[in-house]
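Here's the letter readout for the chains.
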Amino acid sequence: MNDCNEHKKAGKGDLKSIEQLCLATWEPLYRFIYYRVQNREEAEDITQETYARSLPYLRENKVPSQNFPGFMRNVALNVLRDRWRQKKRRGTPVNIEEADLAAAAEMDCQNTVAQRLRVENALAGLGKDQRAVLDLRIIKGYTVAETARLLGKTEAAVRTSQYRALQTLARLLDDND
């Protein structure tokens, strides 16, 4: 039986077709999700929620039968984003009355200074051209074309230099840990 007929039958509520569709797409979808969350239970929950959100679209014939796996990945990413937003909104509960706000502010300031020093030391390990590219592109926010014009380089050279500078910077920061 071809995939198009399976999708149509599944859209009409044929349980056997829905089961076949799920069996055919479950493993790659689960792997796709697990790769992002790195937690078996959460990946299983998100996979299940992805199917729960996707199947109604089959009934309404809003899913392209030739790219059902791609549609499922998009739904899974939306489920992931929703979960991350919920976690971000919830944050970490803090008892304000018990918190030592002055000590927390001092620690935060010390961490910021220490982090800035680490980054400055790592930047010092870069070449002059790489520092210039990172300064213009990341710190000052210039486009690739503007940076290339200012440095007298091609856009490809700026992109390559930025990529290599970020790789070197990441390695230097990892070495300092």
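Quick caveat: nothing in here was measured; it's all calculated off a predicted structure. (Residues numbered from 1 in each chain as written. Predicted model: local features only at pLDDT ≥ 70, side-chain atom pairs only at ≥ 80, totals over all residues. Heavy atoms only, no water.)

## Thoughts on a nonpolar patch on the surface
Taken together, the side chains of Ile138, Ile139 and Leu166 make up a nonpolar region of the molecular surface, amounting to roughly 290 Å² of accessible area. With respect to the element layout, Leu166 can be found in helix 8 (residues 155–176). By relative accessible area, which is 35% here, Leu166 ends up partly exposed. (Patch = residues over 30% accessible without salt bridge, like charges linked within 9 Å, V, L, I, M, F, W, Y side chains within 5 Å. Areas by Shrake-Rupley, 256 points an atom, 1.4 Å probe, with all protein chains shown as cover. Salt bridge = Lys/Arg side-chain N within 4 Å of Asp/Glu carboxyl O. Helix = DSSP H or I, 4+ residues; strand = E, 2+ residues; numbered from the N terminus. Buried < 20%, exposed > 50% of the residue type's maximum accessible area, 1.4 Å probe, protein only.)

## Things to note about the environment of Arg73
With respect to the helices, strands and loops of the structure, Arg73 is situated in helix 4 (residues 68–90). Exposure remark for Arg73: the relative accessible area of 36% places this residue in the partly exposed category. Distance in space between the C-alpha atoms of Arg73 and Tyr30 is 9.6 Å, their sequence separation being 43 residues. Aside from chain neighbours lying at most four places away, what touches Arg73 is Leu29 and Phe32. (Contact = heavy atoms within 4.5 Å.)

## Brief notes about helix 2 (residues 15–37)
By the largest-angle criterion, Trp26 marks the main kink of helix 2, which is about 45°, and a proline, Pro28, follows within four residues. Turning to helix 2, its buried residues are Ser17, Ile18, Leu21, Thr25, Leu29, Tyr30, Phe32, Ile33 and Val37. (Bend = angle between axes of the 7 residues up to and from the residue.)

## Quick notes on the pattern of salt bridges
Tallied over the entire structure, the rule returns 10 salt bridges. In this structure, Arg40 engages Glu41 in a salt bridge whose closest nitrogen and oxygen atoms are separated by 3.1 Å. Glu49 is the partner of Arg53 in a salt bridge, and the nearest nitrogen-oxygen pair spans 3.0 Å. Within this pair, Arg53 and its partner Glu49 are both found in helix 3 (residues 40–59), separated by four residues, close to a single helical turn.

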